[in-house]
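Chains, contacts and geometry: an overview
Listed here are the chains, written in short residue letters.
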Amino acid sequence: MKQILVIHGPNLNMLGKREPEHYGRVTLSEIDDLLVRRGRELGLLVETFQSNHEGEIVSKIQAAMGNIQGLVINPAAYTHTSVAIRDALLLLEIPMVEIHLSNVYKREPFRHHSYMRDVVTGQITGFGVYGYTMALDAVANILQGPDTGKGKMG
Ligand code: DQA
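Rules of the game
Residues numbered from 1 in each chain as written. Predicted model: local features only at pLDDT ≥ 70, side-chain atom pairs only at ≥ 80, totals over all residues. Heavy atoms only, no water. Helix = DSSP H or I, 4+ residues; strand = E, 2+ residues; numbered from the N terminus. Rg over C-alpha atoms; globule rule 2.2 N^0.38 Å. Buried < 20%, exposed > 50% of the residue type's maximum accessible area, 1.4 Å probe, protein only. Contact = heavy atoms within 4.5 Å. Areas by Shrake-Rupley, 256 points an atom, 1.4 Å probe, with all protein chains shown as cover. Lys, Arg positive; Asp, Glu negative; His and termini not counted. Charge placed at Lys NZ, Arg CZ, Asp CG, Glu CD. Near = heavy atom within 4 Å. Polar contact = N/O pair within 3.5 Å; in protein donor to acceptor, adjacent residues only side chain to side chain. Nonpolar A, V, L, I, M, F, W, Y, C, P; charged D, E, K, R; others polar. Core = buried A, V, L, I, M, F, W, Y, C linked by side-chain atoms within 4.5 Å. Expected span 1.5 Å × (residues − 1). Arc of directions from axis to C-beta.

A count of helices and strands for the chain gives five helices and five strands. Written out in order from the N terminus, the α and β elements of the chain read β-α-α-β-α-β-α-β-β-α. Whereas a compact globule of 154 residues would reach a radius of gyration of roughly 15 Å, the chain reaches 14 Å, a difference of no more than 12%. Counting only C-alpha atoms and orienting by the principal axes, one finds that the chain spans roughly 40 × 30 × 25 Å. Looking at the chain residue by residue over its 154 residues, the buried ones come to 47%. Considering only residue pairs separated by 6 or more positions, the chain has 74% of its internal contacts joining residues 24 or more positions apart. Within the structure as shown, the chain displays about 7600 Å² of accessible surface, and the carbon and sulfur contribution to it stands at 51%. Across the chain, the 15 positively charged side chains and the 16 negatively charged ones have centroids separated by 5 Å.

The next thing to look at is the site of the ligand. In the vicinity of the ligand, the residues found are Arg 18, Tyr 23, Asn 74, Ala 76, Ala 77, His 80, His 100, Leu 101, Ser 102, Val 104 and Arg 111. A distance of 3.3 Å is found between an oxygen atom of the ligand and a backbone nitrogen or oxygen belonging to Ala 77. His 80 has a polar side-chain atom sitting 2.7 Å from an oxygen atom of the ligand. Relative to its unbound accessible area of 320 Å², the ligand is 98% covered by the protein chains. Here the shell around the ligand is composed, by residue class, of five nonpolar, four polar and two charged.

With that out of the way, let us pick up the nonpolar core. Counting residues in hydrophobic clusters, the biggest one holds 22 residues, and the most contacted among them are Ile 4, Leu 15, Leu 35, Val 72, Tyr 132 and Leu 136. Elements with a contribution of two residues or more to this core: strand S1 (2-8), helix H2 (28-42), strand S2 (44-50), strand S4 (96-100) and helix H5 (130-144). At five residues, the largest contribution of residues to this core is made by H5. With residues up to four places along the chain from it excluded, the contact list for Tyr 132 reads Val 6, His 8, Leu 12, Ile 31, Leu 35, Val 72, Asn 74, Ile 99 and Leu 101. Ranked by size, the runner-up nonpolar core spans 20 residues in total, among them Ala 64, Ile 68, Leu 71 and Tyr 78.

The next subject is H2. End to end, H2 covers 21 Å across 15 residues, agreeing with the expected 21 Å (1.5 Å per residue, within 8%). Among all positions in H2, only Leu 28, Ile 31, Asp 32, Leu 35, Arg 38, Gly 39 and Leu 42 are buried. Down the axis of H2, the buried set is contained in an arc of 130°. They therefore lie on one face. Facing away from the buried side of H2 by over 90 degrees, the exposed positions are Arg 40 and Glu 41. For H2, the elements touching its buried residues are S1, S2 and H5. Once H2 ends, the next one or two residues include Gly 43, with phi positive near 80°.

Glancing now at unusual backbone geometry. Its identity is not glycine, yet Glu 19 carries a phi of approximately 30°, on the positive side. The phi angle at Ala 76 is positive, at roughly 50°, despite the residue not being glycine. Assignment of secondary structure puts Ala 76 in the loop between strand S3 (70-74) and helix H4 (83-89). The buried category is assigned to Ala 76, whose relative accessible area is 13%.

Remember, this is a structural readout, not a statement about activity or role.
What follows is the structure, encoded as structure tokens:
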């Protein structure tokens, strides 16, 4: 079975309590459950990982090299600061989706820049929790063969 890693960056463990006007009320464990279930429907094994530490995220990406077929990442604040996570992503030659719950382009200017944007396959930003499902579907679609439009593993 194809394996997909979902990485959540700093402060996303506080979802549900954190700035609900930007991030809604759904908790991270609810998002993780949703992703594992959606993964099953798509025929994908989904592993989720959250860390507040840049180095731990880098190590997780390095350890995943050769072991996963797709990546979904919300680097959170590290999106805007981390050359180290960007460099780690360059190790992976697999479909990768950068996702943000809020629309970062509607927020403060410092959130408009992403160190990941030209390394990932694409970005999804501003669709709340649904963005995670979109991201997983996008990875599944690429793994099935781009341009089939099915968004499902066969
Ligand atoms: C975020 C947007 C980032 O700018 C912010 O630092 C986050 C969450 C989002 O999901 O909208 O922590 O990645």
